[in-house]
Amino acid sequence: MSNDAQNSARKLYLSKNHIDSIDVDASGKSIIVGTSSLEGNTWDGGIALLDNQGNVELLENCRVGISMVRFAGSKIALVAKDDGCVAIYAITIDKLDEVQVFHAHDDLVSCVVDNPHHDSQFASCSWDGSIHLWDWKSKSKPVSSYSRAHQGHVNSVVYSPHDPNCLVSVGWDGYARLWDTRQSPTTGCSSIVNMNQISSCVTFESKDKNILLIGSDAGDVSVLDLRVGNSSSAVLCSSRVHKGRVRRIVSSPDAESGLFVSASDDTTYTMCRRSSERIEEIKRFVLPIFLSS
Amino acid sequence: MNLSVTSAQQNFNRFFIRFTDHTDYVTDIAWVNNSSDGQVTDKEIIRLYSVSTDKSMIENTVHLDKLFP
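This is a predicted model, so every value here is computed, not measured.

Caption draft 1: Main features of the overall build of chain B. Within chain B, the regular secondary structure consists of one helix and three strands. Secondary structure elements in chain B, listed N-terminal to C-terminal, are β-β-β-α. For chain B, the residues scored as buried account for 61% of the 69 residues in total. Put simply, 49% of the contacts in chain B that link residues at least 6 apart link residues at least 24 apart.

Structure below.
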């Protein structure tokens, strides 16, 4: 099969699937996506590596829905699956090679995140209510586990960009929890803030690394200051940015700008800027265009 | 399914604002770090990739000068 035909076939495969996750590597030249589809009563899915011109370079059918995919460096991908597994894929010239599988959770893995302070460490969380910390180079079992991290689904987890021992999670119970990974699982939760609504995603702000941006099922984006501690006053501000669940919030790589984007079930994604204790909506991307299929 | 890199189209200036939309849930978004991108070095340019359950992936290139005139 020629390269053009192969690329067309791969694009055709992708075009039949929901695209559930995307990540771009540090160079900005490689894109990885995770997909899922429902065929009859069976969920299917895969991962694909694309270049920044949109060409599908590699494709791997995982035979299960993919909830999240993230680069861990340029040659490793962390893949969260609907069946509770987390897989490590090595990215080679000619294939996406599944080199390790962790039977991590008892339900859908909602989030997997690379530890920016350690090459081979990552965290996963799940609808089963647990968070696990892993080292994919040395162990097949979790380095640490928080089996009842939240009541109900744990929806999102993120490592602190400046503290290697700090992890933050949010979930169905409406709490944002700060974990000290040096502590035992029973005493590791050092801070709890009640967001008073189901929290769907969390990320650290690039501009001020003590600031968390938290999205909710209701469409709110809230700003939380970790320095304030276990108090409702830790929530500096909150704004109804979307009309549906906030799926993801990404802070600008340019730390000075204070910009972030939020993606939502309301079919829009929105660029905002946090200034002091206010969220300012810069532009809502709502103008419809026709999408080729 | 839109997998083309829209900013590379020759009929447009690379640094235009492209307002796009999805027709279903926007499930994830990625923000390209321009400082590490070999092609785009201008910090005023924002490049975003969004994906959706509408089976599309879209690149948006946003010029900050037009957001903050």
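Caption draft 2: View of unusual backbone geometry. Residue and element names in this part refer to chain A. One non-glycine residue, R63, adopts positive backbone phi at about 60°. Among the residues examined, R63 registers a relative accessible area of 65% and is labelled exposed. Here the phi dihedral of T267 falls at roughly 75°; this positive angle occurs in a residue that is not glycine.

Caption draft 3: Structural view of the sheet that holds strand β2 (residues 30-39) of chain A. All names here are of chain A. Sheet architecture is open: four strands sit in the order β1-β2-β3-β4, paired in antiparallel fashion. Looking at strand neighbours, the two that pair on one side only are β1 (18-24) and β4 (56-61), the edges of this open sheet. Strand-to-strand twist of the sheet, defined as the mean angle between neighbouring strand axes without regard to direction, takes the value 20°.

Caption draft 4: A look at the pattern of salt bridges. This structure, assessed with the given rule, holds 12 salt bridges over all chains. For A:R177, the salt bridge is made with A:D173, and the minimal N-O distance between the two is 3.4 Å. Looking at A:D173, the relative accessible area reads 18%, which means it is buried. A:R182 is paired through a salt bridge with A:D180; the nearest N and O atoms lie 2.9 Å apart. Residue classification places A:R182 among the exposed residues on the basis of a relative accessible area of 59%. For A:D180, a relative accessible area of 13% translates into the label buried. If you follow the salt bridges from partner to partner, you end up with A:R70, A:R248 and B:D28 in one network.

Parameters at a glance
- Residues numbered from 1 in each chain as written.
- Chains lettered and ligands numbered in written order.
- Predicted model: local features only at pLDDT ≥ 70, side-chain atom pairs only at ≥ 80, totals over all residues.
- Heavy atoms only, no water.
- Helix = DSSP H or I, 4+ residues; strand = E, 2+ residues; numbered from the N terminus.
- Buried < 20%, exposed > 50% of the residue type's maximum accessible area, 1.4 Å probe, protein only.
- Contact = heavy atoms within 4.5 Å.
- Pairing = 2+ DSSP bridges.
- Axes fitted to C-alpha atoms, helices over the stretch in contact; angles between N-to-C directions.
- Salt bridge = Lys/Arg side-chain N within 4 Å of Asp/Glu carboxyl O.

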